[in-house]
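# Understanding the architecture of this molecule
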Amino acid sequence: MGNSWACFTPKGVTFTKKPSKRLPNSSSTKRTKKKDEKLEFDDALIHQQALAAAFLFHQHQQNGSLPLNLNRSASVVYPSTAAPKKLPKSSSIRQRSRTDHSPIQPLQLVNKDLNIDGLETIHFVLVHGGGFGAWCWYKTITLLEESGYRVDAVDLAGSGIHTFDANSIASLAQYVKPLTDMLEKLGDGEKVILVGHDFGGACISYVMELFPSKISKAIFIAAAMLSSGQSSLDMFSLQTGSNDLMQQAQIFLYTNGKDQPPTAIDLDKDLVKEFLFNQSPAKDVALSLVSMRPIPFAPVIEKLSLSDVNYGSVRRFYIGTHEDCAIPVALQENMLKTNAPEQVFWLKGSDHAPFFSRPQSLHKILVEISQISPKQA
């Protein structure tokens, strides 16, 4: 399934040449050795920081020093009050879009003429994909909040820091309960923009059927956008044989015994980088590798029951990912043909995790969708 999280180079190393009687190639060998040592140090530093960030975040949540509604900002990644050390630049070969790599503060470009007054809602609710958690949205949360929006991100059952065991989840209703609990608490007439990534698409479809009047717009990001009577497994089975990497990355867990159906799906950490994060920065890959959890199996095989009256009344938008190895473009296009949304946006150069690989471009599209006027009755 589309779910879970290569290397940093130093900015530049200056060497001073001195007369030497060594062989002509010795200085080159010395430079190469020093660069290799620096790269190894950078990789170790990135991984240590990701481990520390995940550990400190879990500690803060357990101690009650983070808000229970999981409204998160960049401070989640660096919970201490001290400013984080500047990380080395990524040597990723990905070609960033101009908005993702601009000398001008990107938010100045997006927010220059942004006016959120008078919008139907400025409240985003972000729903992660299988194996991920609310933590994966840290860049998106920061960008949206700095643009004046209200943002909530939930940990679905058995995900992120939610204490439930993914192997014990027996239904989609149980899996999405943290989300349904949040929507039930909304005030009368209050609406949200619901955003789902990956398997989170099936999750938001489920709640769109339950709470259509509370959802202004639904945005599917490289997500399972299913038809009624279809399960996520049904959708992914359409690419069986065409995505060997997906099949190789999946590890089925059988806590009830091998003679019973799987209880969860884990992902091979050695393959997940190529599978999910082929365009993402190393620091985000490292964070993901220490934070991802197994995906409960029962919700994946559960078929949705969606009606035109409820689910069909919510405006749907789809954001596609061009460099996605988890949900290839062909599969995304098939979903769009069979269950067409109101509008489709494509993120060029994005892997399956655009909140990591194309955060600025993703933010720009989310803002654009929020600005689309309500349909006239």
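As recorded by an unreviewed UniProt entry, the protein carries the name AB hydrolase-1 domain-containing protein and is attributed to Lithocarpus litseifolius.

## Side note on the sheet that holds strand β1 (residues 123-127)
The six strands lie next to each other as β2-β1-β3-β4-β8-β9, forming an open sheet whose pairing is parallel. The open sheet has two edge strands with one neighbour each: β2 (150-154) and β9 (343-347). Taking the axes of each pair of neighbouring strands and ignoring which way they run, one obtains an average angle of 20° across the sheet. Here strand β3 (residues 192-197) pairs with strand β4 (residues 215-221) via six bridges, running parallel. Its bridge partner lying in β4, valine 195 is registered against isoleucine 219. Its contacts with the sheet place helix α12 (residues 329-338) against β8 (315-321) and β9, and it is angled at close to 165° to β8.

## Comments concerning unusual backbone geometry
Across residues other than glycine, the phi torsion is negative in most instances, and most of the peptide bonds are trans. Unusually for a residue other than glycine, aspartate 198 sits at a positive phi of about 60°. Among the structural elements, aspartate 198 can be located in the loop between β3 and α6 (200-210). Positive phi outside glycine occurs at alanine 222, with the angle close to 45°. Inspection of the secondary structure assignment puts alanine 222 in the loop between β4 and α7 (232-237).

## Side note on the packing of helix α5 (residues 177-184) against α6
Helices that pack against each other are described as a pair by the angle of their axes relative to one another and the distance between those axes. Close contact between α5 and α6 brings their axes to 10 Å; oriented N to C, the two are set at 35°. Both α5 and α6 take part in a crossing whose hand is right-handed. Contact residues: Leu179, Thr180 and Leu183 in α5; Cys203, Val207 and Leu210 in α6. Taken together, the residues that form the contact of α5 with α6 break down as five nonpolar, one polar and no charged.

## Focus on the sheet that holds strand β6 (residues 264-267)
Here we have three strands laid out as an open sheet, ordered β5-β6-β7, and antiparallel in their pairing. Since the sheet does not close on itself, it has two edges, and those belong to β5 (250-253) and β7 (295-296), each with one partner. Pairing analysis gives four bridges linking β5 to β6, with the strands arranged antiparallel. Its bridge partner being in β6, leucine 253 is matched across the sheet by alanine 264.

## What about the nonpolar core?
In terms of nonpolar packing, the biggest core is built from 88 residues, with Phe124, Ile219 and Ile319 touching the most fellow members. Excluding residues that lie within four positions of it along the chain, isoleucine 219 makes contacts with Phe124, Ile193, Leu194, Val195, Gly196, Ile204, Phe317, Ile319, Leu366 and Ile369.

Definitions and limits used
Residues numbered from 1 in each chain as written. Predicted model: local features only at pLDDT ≥ 70, side-chain atom pairs only at ≥ 80, totals over all residues. Heavy atoms only, no water. Pairing = 2+ DSSP bridges. Helix = DSSP H or I, 4+ residues; strand = E, 2+ residues; numbered from the N terminus. Axes fitted to C-alpha atoms, helices over the stretch in contact; angles between N-to-C directions. Contact = heavy atoms within 4.5 Å. Left-handed = near helix turned anticlockwise from the far one by under 90°. Nonpolar A, V, L, I, M, F, W, Y, C, P; charged D, E, K, R; others polar. Core = buried A, V, L, I, M, F, W, Y, C linked by side-chain atoms within 4.5 Å. Buried < 20%, exposed > 50% of the residue type's maximum accessible area, 1.4 Å probe, protein only.

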